[in-house]
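The lines below spell out each chain.
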Amino acid sequence: MARNKKLFVETSDNKTAPPIQLRVTADERALLEQKAKDAGKGLSEYLRQAGMERPLRSKVAAEILNDLRLLAMDVKRLARESGKHEKEHLDTLKAIQTAMQKIWDKRVQL
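Not measured: the values here are computed from a predicted model.

Enquirer: Go over the nonpolar core with me, naming the residues and quoting the values.
Expert: Ranked by size, the top nonpolar core spans nine residues in total: Ala61, Leu65, Leu68, Ala72, Val75, Leu93, Ile96, Met100 and Ile103. Looking at this core, the elements with two or more residues in it are helix H3 (59–82) and helix H4 (87–106). Top contributing element to this core by residue count: H3, with five residues. Residues within four places of Val75 in sequence aside, it is in contact with His89, Thr92, Leu93 and Ile96.

Dropping the structure here:
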């Protein structure tokens, strides 16, 4: 009787496959672990996302984006309360939007 020598058969139920072995130097491993930690991910999840070309942002970048969103909301609120959309309010909103877009587009590694 012939044995099936396949170690992995693709299925659509997303079950965990056998582990992938990856050889790296001690320095490379430390760097990967640090990048995973900075992104708020485990090493496996970090490598999965990087390997599948999913956007990776550090936790710092995510926190900065959130802070900028809050600032933008405050500027809008102040503009509403004053009853005017002064040029400085609009300029501040544009600056915040530009900063957010840079982080989003470049996937800043902070």
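Enquirer: Describe the packing of helix H1 (residues 26–38) against helix H2 (residues 43–51), with residues and values.
Expert: Remark: H1 packs on H2, axes separated minimally by 9 Å, with the N-to-C direction vectors making an angle of 90 degrees. One finds that H1 runs roughly perpendicular with respect to H2. For the pair H1 and H2, contact is made by Leu32, Glu33, Lys35 and Ala36 and by Leu43, Tyr46 and Leu47, respectively. For the contact of H1 with H2, the class distribution of residues is five nonpolar, no polar and two charged.

Enquirer: Tell me what's going on with the confidence of the model for the protein chain, and back it up with residues and numbers.
Expert: Mean pLDDT over the protein chain stands at 76; residues scoring 70 or higher make up 76%. Note on residues 1–9: pLDDT is under 50 here. Beyond four places in sequence and across chains, it has three contacts.

Enquirer: So what about the pattern of salt bridges? Which residues, and what values?
Expert: Side-chain pairs of opposite charge can arise whenever the charged atoms involved come near each other. Tallied over the full model, the rule gives four salt bridges. Note that Arg48 and Glu45 form a salt bridge whose closest N and O atoms lie 3.0 Å from each other. Note that Arg48 and Glu45 are positioned in helix H2 at a spacing of three residues, about one turn of the helix. Across the pair Arg77 and Glu81 runs a salt bridge whose closest N-O atoms are separated by 3.2 Å. Of the two residues, Arg77 and Glu81 both sit in helix H3, four residues apart, roughly one turn of that helix. Taking relative accessible area as the criterion, Arg77 reaches 34% and is therefore assigned partly exposed. Three or more residues joined by partner-sharing salt bridges are found here, namely Asp74, Arg77 and Glu81.

Enquirer: Break down a nonpolar patch on the surface for me, with residues and values.
Expert: Taken together, the side chains of Leu22, Val24 and Leu47 make up a nonpolar region of the molecular surface, amounting to roughly 240 Å² of accessible area. Relative to the elements of secondary structure, Val24 occurs in the segment before H1.

Reading guide: rules and limits
- Residues numbered from 1 in each chain as written.
- Predicted model: local features only at pLDDT ≥ 70, side-chain atom pairs only at ≥ 80, totals over all residues.
- Heavy atoms only, no water.
- Core = buried A, V, L, I, M, F, W, Y, C linked by side-chain atoms within 4.5 Å.
- Buried < 20%, exposed > 50% of the residue type's maximum accessible area, 1.4 Å probe, protein only.
- Helix = DSSP H or I, 4+ residues; strand = E, 2+ residues; numbered from the N terminus.
- Contact = heavy atoms within 4.5 Å.
- Axes fitted to C-alpha atoms, helices over the stretch in contact; angles between N-to-C directions.
- Parallel < 35°, antiparallel > 145°, perpendicular 65-115°, else oblique.
- Nonpolar A, V, L, I, M, F, W, Y, C, P; charged D, E, K, R; others polar.
- pLDDT = per-residue confidence, 0-100.
- Salt bridge = Lys/Arg side-chain N within 4 Å of Asp/Glu carboxyl O.
- Patch = residues over 30% accessible without salt bridge, like charges linked within 9 Å, V, L, I, M, F, W, Y side chains within 5 Å.
- Areas by Shrake-Rupley, 256 points an atom, 1.4 Å probe, with all protein chains shown as cover.

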